[in-house]
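# A structural walkthrough
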Amino acid sequence: MSISRNNADELLSRIRDIKDYPKQGIIFKDVTPLLKDGGAFKKSVEMLVKSVSGMHFDYVIGIEARGFIFGSALAYRLGKGFIPARKKGKLPYSVISEEYSLEYGSAALDIHTDALEKGSAILIVDDLLATGGTALAAARLVEKAGGVVAGMAFVVELKALDGRSKLHGYNVISLLSC
Ligand code: AMP
């Protein structure tokens with residue numbers, strides 16, 4: 001789906017750059033102004049709905065933390081179930097884990113061992129695609145659990161970091177490029 005310049009500009013104007021957060025040299029894309037604006041938040045979710053309209057999936061997996069916000073709104077809007085992929089150690093039941101590297105460090109993601117049924121088709125959602133390590137870890141978790149990745153959806157993509165090449169073979173969409 002191509003996004004009109006007006007819609008893209010409206011959303012981009014509500015994403016704030018925070019220099020040197022959480023580390024020197026990183027420009028953090030802060031989506032809290034977008035979330036605070038009811039019209040812009042709604043537009044971003046509706047744009048995600050349109051962008052994934054060609055994908056067939058059973059569940060949405062949202063990546064902690066901002067992937068929970070967009071992912072659960074999208075799942076609710078489409079009447080799909082929502083599965084949280086949480087940072088290591090946060091889920092209460094037995095888990096499957098995957099380690100990954102971030103633009104600014106490394107971490108691990110968990111899902112519950114019974115999070116999805118074998119053969120389920122999954123849409124992975126996060127606020128932002130940077131190097132692609134996080135989304136790739138989420139895809140590996142889905143596959144370890146016996147699911148199939150139907151696609152990945154992001155609000156923002158940092159083009160210069162070329163996370164998309166790490167996600168080669170997956171159907172990746174993003175609303176906005178920076
Ligand atoms: P990556 O694994 O490098 O693609 O990083 C993506 C994950 O880290 C997402 O969950 C983002 O929320 C977060 N992230 C990485 N870089 C940034 C950034 N520059 N601004 C905001 N969030 C970021």
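Bear in mind that the values here come from a model prediction, so they are computed numbers and not experimental data.

## A look at the overall build of the protein chain
Of the regular secondary structure elements, the protein chain holds 6 helices and 9 strands. The buried share of the protein chain, reckoned over its 178 residues, is 46%. Relative to all contacts within the protein chain whose residues are 6 or more apart in sequence, the contacts with residues 24 or more apart total 59%. Charge separation in the protein chain, taken as the distance between the mean sites of 23 positive and 20 negative side-chain charges, equals 2 Å.

## Describing the side chain of Thr134
Turning to its location among the elements, Thr134 is positioned in helix α5 (residues 133-144). Under the relative-accessibility criterion, Thr134 is labelled buried at 15%. What Thr134 contacts, discounting residues up to four positions off in sequence, is Ile63, Tyr100, Ser101, Leu102, Leu109 and Asp126.

## So, the sheet that holds strand β6 (residues 105-112)
Read across the open sheet, the 7 strands follow the order β5-β6-β4-β3-β7-β8-β9; overall the sheet is mixed. Taken across any chain shown, the strands that pair with only one partner, and hence form the sheet edges, are β5 (95-102) and β9 (172-177). For this sheet, the mean angle separating the axes of adjacent strands, direction not counted, is 25°. Sheet topology places strand β8 (residues 148-157) next to β9; 5 bridges connect them, and they run parallel. Bridged to Phe154 within β9 is Ser174. Here helix α3 (residues 38-51) sits on the sheet in contact with β8 and β9, set at roughly 145° to β9. α5 rests against β3 (59-63), β5, β6, β7 (121-129) and β8 of the sheet, and its axis sits at about 160° to β5.

Calculation criteria
- Residues numbered from 1 in each chain as written.
- Predicted model: local features only at pLDDT ≥ 70, side-chain atom pairs only at ≥ 80, totals over all residues.
- Heavy atoms only, no water.
- Helix = DSSP H or I, 4+ residues; strand = E, 2+ residues; numbered from the N terminus.
- Buried < 20%, exposed > 50% of the residue type's maximum accessible area, 1.4 Å probe, protein only.
- Contact = heavy atoms within 4.5 Å.
- Lys, Arg positive; Asp, Glu negative; His and termini not counted.
- Charge placed at Lys NZ, Arg CZ, Asp CG, Glu CD.
- Pairing = 2+ DSSP bridges.
- Axes fitted to C-alpha atoms, helices over the stretch in contact; angles between N-to-C directions.

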